[in-house]
Amino acid sequence: MAAMSDSVGPLALLTLALTFSLSNSMQFEIHSGHTKCISEDIKTNAMSVGKYSVVNPHEGNPKPDSHKVIVKVSSPHGNVYHFGDHVDSGSYAFTASEAGDYTACFWIPDGKNAPPVVTVELEWRTGVAAKDWSKIAKKGQIEVMEFELKRLYDTVLSIHDEMFYLREREEEMQDLNKATNTKMFTFSFLSIAVCLSVAGLQIWHLKTFFERKKLL
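Predicted model, so just to flag it, every value in this text is computed and none were measured.

Time to look at the overall build of the chain. Check the secondary structure of the chain and you find three helices and eight strands. In the chain, the succession of α and β elements from N to C terminus is α-β-β-β-β-β-β-β-β-α-α. Taking all 216 residues of the chain together, the buried fraction comes to 25%. Taking all contacts inside the chain whose residues are at least 6 apart in sequence as the whole, residues at least 24 apart take part in 71%. Taken as a whole, the chain presents about 15200 Å² of accessible surface, with 60% of it coming from carbon and sulfur.

The next thing to look at is the side chain of Ser-48. Along the polypeptide, Ser-48 turns up in strand β3 (residues 47-54). Among the residues examined, Ser-48 registers a relative accessible area of 0% and is labelled buried. In terms of polar contacts, Ser-48 uses its side chain to reach the side chain of Trp-124, at 2.6 Å.

Time to look at a nonpolar patch on the surface. On the surface, Phe-185, Phe-189 and Leu-190 cluster together to form a nonpolar patch covering roughly 380 Å² of accessible area. Within the secondary structure layout, Phe-185 lies in helix α3 (residues 144-212).

When the charged atoms of two side chains with opposite charge come close together, those side chains can pair. A full pass over the atoms with the stated rule returns six salt bridges. Across the pair Arg-169 and Asp-41 runs a salt bridge, and its minimum N-O distance is 3.4 Å. With a gap of 128 residues between them, Arg-169 in helix α3 and Asp-41 in strand β2 (residues 35-42) connect regions that are remote in the sequence. With its nearest N and O atoms 3.8 Å apart, the salt bridge here joins Lys-51 to Glu-123. Linking Lys-51 in strand β3 with Glu-123 in strand β8 (residues 117-126), this pair joins segments that are 72 residues apart in sequence. The class of Lys-51 is partly exposed, set by a relative accessible area of 48%.

So, about the state of the cysteines. According to the stated counting rule, one finds one disulfide in the structure shown. Two residues, Cys-37 and Cys-105, share a disulfide whose sulfurs are 2.0 Å apart. Judged by the torsion about the S-S bond (110 degrees), the Cys-37/Cys-105 disulfide is right-handed. Here Cys-37, found in strand β2, pairs with Cys-105, found in strand β7 (residues 100-107); they are 68 residues apart in sequence, far enough to count as distant. Cys-37 gets classed as partly exposed once you look at its relative accessible area, which sits at 41%. Taking the relative accessible area as the measure of exposure, Cys-105 reaches 12% and is therefore buried.

Once that is clear, we can look at a negative patch on the surface. Together, Glu-168, Glu-170, Glu-171 and Asp-175 line one region of the surface with negative charge. Structurally, Glu-170 is set in helix α3. A residue is classified by how much of its surface remains accessible, and Glu-170, at 46% relative accessible area, is partly exposed.

Counting through the fold element by element, Asn-56 comes out in the loop between β3 and β4 (69-74). A distance of 3.0 Å separates the side chain of Asn-56 from the backbone nitrogen of His-58, its partner in a polar contact. Once residues lying within four places of it in the same chain are set aside, the contact partners of Asn-56 are Asn-61, Pro-62, Lys-63 and Pro-64.

Our focus in this paragraph is the environment of Met-26. On the secondary structure map, Met-26 appears in strand β1 (residues 23-31). Among the residues examined, Met-26 registers a relative accessible area of 27% and is labelled partly exposed. Each C-alpha atom, one on Met-26 and one on Tyr-52, is 9.7 Å from the other, the two residues being 26 residues apart in sequence. Sequence-distant contacts of Met-26, that is, excluding residues within four places in its chain, are made with Ile-38, Val-120, Glu-121 and Leu-122.

So, about the sheet that holds strand β5 (residues 80-87). The four strands are arranged β2-β7-β4-β5 in an open sheet whose pairing can be described as antiparallel. Pairing within the sheet leaves two strands with one partner each, and these edge strands are β2 and β5. Strand-to-strand twist in this sheet, taken as the mean axis angle between neighbours without regard to direction, amounts to 10 degrees. When β2 meets β7, the two strands line up antiparallel, connected through eight bridges. Each bridged residue has a counterpart across the sheet, and for Asp-41 the counterpart in β7 is Asp-101.

Conventions used here
- Residues numbered from 1 in each chain as written.
- Predicted model: local features only at pLDDT ≥ 70, side-chain atom pairs only at ≥ 80, totals over all residues.
- Heavy atoms only, no water.
- Helix = DSSP H or I, 4+ residues; strand = E, 2+ residues; numbered from the N terminus.
- Buried < 20%, exposed > 50% of the residue type's maximum accessible area, 1.4 Å probe, protein only.
- Contact = heavy atoms within 4.5 Å.
- Areas by Shrake-Rupley, 256 points an atom, 1.4 Å probe, with all protein chains shown as cover.
- Polar contact = N/O pair within 3.5 Å; in protein donor to acceptor, adjacent residues only side chain to side chain.
- Patch = residues over 30% accessible without salt bridge, like charges linked within 9 Å, V, L, I, M, F, W, Y side chains within 5 Å.
- Salt bridge = Lys/Arg side-chain N within 4 Å of Asp/Glu carboxyl O.
- Disulfide = S-S within 2.5 Å.
- Lys, Arg positive; Asp, Glu negative; His and termini not counted.
- Charge placed at Lys NZ, Arg CZ, Asp CG, Glu CD.
- Pairing = 2+ DSSP bridges.
- Axes fitted to C-alpha atoms, helices over the stretch in contact; angles between N-to-C directions.

Take it as geometry only, folks, not as evidence of what the structure does.
Here it is as structure tokens:
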């Protein structure tokens, strides 16, 4: 039993670390006339859910009607997955069809009563963290141990997919570095060739000039 607890401990810590890394909960300010964008690197076919709300500047009192924002969630290629116009809260959910940085942009609508600053709370979850495990457990009526094993299994699969995704990104960066080095080598070679050509022309010009003046 002690051996089992020792082996489960690091795995539980790894699960907690992965869940934390895939779940972003934050609070930020938006100034009038400016746009605040939050990006999340999501791989293909990964599930992503998010919810946001405007923080009431006066706790205990009704939220002012002027505290509204415009929200747009888009993919790396510009496809819009969610758009909220003059809202104080909302949510979105999608399955990524392309890999890359997905962005959620917030800004204050123009108007006479627009506040100078609005505070927004955003919770953005992807991958394993995006699943509602409480509903899965309730729906399946499974034992606690089986439920935990299923969650750990999905976490391991997510880590496996993440490793392959990072490997693909690393290969892309290596190809980019190779292409950049090739271009820099070509540019350097051409620069040296141009410098030598200019130096040769200058020497030829000076030699011709001195011969014409009969100085040589």
